[in-house]
Amino acid sequence: MDLKAYLQDRRGLVNRALEAYLPQGRGPAFRVVEAMRYSLFAGGKRLRPILCLAGAEAVGGDTGEALPVACALEMIHTYSLIHDDLPAMDDDDLRRGHPTCHRQFDEATAILAGDGLLTEAFRLMADAAPKFEGREALLLEVIQLIAQAAGYQGMVGGQMLDLEAEGRQVTLKELETIHRLKTGALLTAAVRAGGLVGGGSRAEVTALTAFGEKFGLVFQITDDLLDVEGEAAEMGKSPGMDVKKGKATYPALLGVDKAREWARRLMDEAINGLAPLGERAEPLREIGRYLLTRRS
Ligand code: GRG
């Protein structure tokens, strides 16, 4: 399959839907909507929504039905980036190739923009209820799954552990826990939610979840490798920040070659686990292979 064309098509689908779900603001709250849109449309690979759509596709589901959930995932992801870039957290100036939200606007507006995106994500999913007539329990399960992955049992918890680990020695096991929660939980939820919305059987959803968990880990390893080897122009942010901030990373703990080898092995396992889903899971396999060679 032509992965480039596939990603371009899905990105277009997601961007058009996001534009419809979050149109330009009017009225008194104009500034916060402008800040939400600034970060949402600043670029980004749209990986989480694409994983969600590909998860639905892998079980023979309708990608149109998965779109509100896919867009909600991108809103949650963007909120996490805005808050992560704040002076109280990573204090970054550049994100997605543009000034970070608090640099472009101000700190208070950036906090509100993140809050607005997080809240809007859940409104968006709840608003999709009419599309799920007779299957409301399924939509509720998806909303619960995403809330859990984004909250203290997932991304927020992982961020807390990450902040607590700053400036001290971290074991490989601790690092894995941090990343399983901080980045892995939302990526896993994206694939799983796609499978659920797509009407997959429990066995299919379990296979997708196992893929998502390994994918999440490989994503983080390759993110760490990019920080060592990447180019700012391609990444849209400055490389070398992990070392500068004294953060524990896979290349720092294992060495670059071993980290890369581990990522390859994990991705092989992840792809092998998709065998029961047959041809329909090909986009997921291709996205997995692409992850190992990504430059941004
Ligand atoms: C503030 C609650 C809260 C959580 C922050 C995800 C996160 C938790 C922080 C981001 C810090 C970071 C750079 C982590 C490395 C992995 C990561 C999430 C990279 C950015 O995701 P991509 O590559 O970004 O999918 P784009 O811009 O392509 O969407």
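This text follows the structure it describes.
Residues numbered from 1 in each chain as written. Predicted model: local features only at pLDDT ≥ 70, side-chain atom pairs only at ≥ 80, totals over all residues. Heavy atoms only, no water.

Novice: What is the right way to look at the overall build of the protein chain in this model?
Specialist: In terms of regular secondary structure, the protein chain is built from 15 helices and two strands. The C-alpha atoms of the protein chain give a radius of gyration of 18 Å, which matches the 19 Å a tight globule of 296 residues would have. In terms of principal-axis extent, the alpha carbons of the protein chain reach across some 50 × 50 × 35 Å. Per-residue burial over the protein chain gives 54% buried out of 296 residues. Partitioning the contacts of the protein chain with sequence separation of at least 6, the portion at a separation of at least 24 is 73%. Carbon and sulfur atoms form 54% of the exposed surface of the protein chain, whose accessible area is close to 13300 Å². Computed over 36 positive and 43 negative side-chain charges, the separation of the two mean positions in the protein chain equals 2 Å. (Helix = DSSP H or I, 4+ residues; strand = E, 2+ residues; numbered from the N terminus. Rg over C-alpha atoms; globule rule 2.2 N^0.38 Å. Buried < 20%, exposed > 50% of the residue type's maximum accessible area, 1.4 Å probe, protein only. Contact = heavy atoms within 4.5 Å. Areas by Shrake-Rupley, 256 points an atom, 1.4 Å probe, with all protein chains shown as cover. Lys, Arg positive; Asp, Glu negative; His and termini not counted. Charge placed at Lys NZ, Arg CZ, Asp CG, Glu CD.)

Novice: Would you explain empty space enclosed by the protein in this entry?
Specialist: A water-sized probe, rolled over the atoms, reveals where empty space remains. If you walk through the whole model with that rule in mind, you get two cavities of 30 Å³ or more. Lining the largest cavity we find 13 residues, and of these Ser39, Ala42, Ile82, Arg95 and Arg96 sit closest to its centre. Counting residues per element, the ones that place at least two in the lining of the largest cavity are α2 (30-40), α4 (63-85) and β2 (98-99). Ranked by residue count, the leading element in the lining of the largest cavity is α4, at four residues. Considered class by class, the residues forming the lining of the largest cavity number six nonpolar, four polar and three charged. Each pocket or cavity is described by its volume, and for the second largest cavity that value is around 40 Å³. Leu7, Arg11, Lys45, Leu47, Ile50 and Tyr290 are the residues that line the second largest cavity. (1 Å grid on protein atoms, 1.4 Å probe; cavity = no way out; pocket = protein on both sides within 12 Å on 5 of 7 lines; lining within 4 Å. Points joined across faces, edges and corners; volume = space filled by probe spheres on them. Nonpolar A, V, L, I, M, F, W, Y, C, P; charged D, E, K, R; others polar.)

Novice: How do you make sense of the layout of surface pockets when you look at a structure like this?
Specialist: Of the pockets and cavities examined, the second largest pocket occupies roughly 370 Å³. Surrounding the second largest pocket, 18 residues form its lining, Arg180, Gly184, Ala185, Thr188 and Glu213 being those nearest its centre. Of all the secondary-structure elements, those providing two or more residues to the lining of the second largest pocket are α7 (136-150), α9 (172-197) and α10 (202-229). Top element by residues in the lining of the second largest pocket is α9. It accounts for nine residues. Grouping the amino acids of the lining of the second largest pocket by side-chain chemistry returns six nonpolar, eight polar and four charged.

Novice: Explanation requested: the environment of Ile50 in the structure shown.
Specialist: The topology assignment puts Ile50 in helix α3 (residues 47-58). The class for Ile50 is buried, based on a relative accessible area of 1%. Along the primary structure Ile50 and Leu73 are separated by 23 residues, whereas in three dimensions their C-alpha atoms are 9.8 Å apart. Those residues in contact with Ile50 that sit more than four places away from it in its chain are Tyr6, Leu7, Arg10, Arg11, Lys45 and Ile287.

Novice: In this structure, what is going on with the nonpolar core? I would like to understand it.
Specialist: Within soluble globular proteins, side chains that are nonpolar generally end up buried alongside one another. Counting residues in each nonpolar core, the largest one holds 89 residues, and the members touching the most others are Leu51, Val69, Phe211, Phe215, Leu284 and Ile287. Once residues lying within four places of it in the same chain are set aside, the contact partners of Val69 are Cys52, Met125, Val142, Ile146, Ala193 and Val197. (Core = buried A, V, L, I, M, F, W, Y, C linked by side-chain atoms within 4.5 Å.)

Novice: Quick question: what am I supposed to make of the packing of aromatic side chains here?
Specialist: Applying the stated criterion across every chain yields a total of three aromatic pairs. Measuring from centroid to centroid gives 5.7 Å for Phe211 and Phe215, while their planes differ by 45°, and the two rings are tilted. Placement of both Phe211 and Phe215 in helix α10 is noted, with a separation of four residues, approximately one turn of the helix. Comparing Phe211 with Phe215, the two get one shared label, buried. Its guanidinium or amino end placed over the ring of Phe219, Arg48 lies 5.4 Å from that ring's centre, counting from NZ or CZ. (Phe/Tyr/Trp six-rings, centres within 6.5 Å; stacked < 30°, edge-to-face > 60°. Lys NZ or Arg CZ within 6 Å of the ring centre and 35° of its normal.)

Novice: Just to check I follow, could you spell out the pattern of salt bridges for this structure?
Specialist: Oppositely charged side chains are able to pair whenever their charged atoms sit close together. For the structure on display, the rule yields 21 salt bridges. Of the charged contacts in the structure, one is a salt bridge between Asp162 and Lys182, with a shortest N-O distance of 2.8 Å. With Asp162 in helix α8 (residues 155-165) and Lys182 in helix α9, this pair connects stretches of sequence that are 20 residues apart. Overall, Asp162 belongs to the buried group, its relative accessible area being 10%. Residues Asp223 and Arg294 are paired through a salt bridge, measuring 3.5 Å at the closest nitrogen-oxygen approach. In this pair, Asp223 sits in helix α10 while Arg294 sits in the segment after α15 (282-291), placing the two residues 71 residues apart along the sequence. (Salt bridge = Lys/Arg side-chain N within 4 Å of Asp/Glu carboxyl O.)

Novice: Would you explain the site of the ligand in this entry?
Specialist: Near the ligand there are 20 residues, and of these Lys45, Arg48, His77, Asp84 and Arg96 occur at the shortest range. The contact in question runs from an oxygen atom of the ligand to an N or O atom on the side chain of Arg48, over 2.8 Å. At a separation of 2.8 Å, an oxygen atom of the ligand approaches a polar side-chain atom of His77. Computed on the free molecule, the ligand has an accessible area of 710 Å², of which 92% lies beneath the protein chains in the complex. Elements that contribute at least two residues to the shell around the ligand include exactly α4, α8, α9 and α10. (Near = heavy atom within 4 Å. Polar contact = N/O pair within 3.5 Å; in protein donor to acceptor, adjacent residues only side chain to side chain.)

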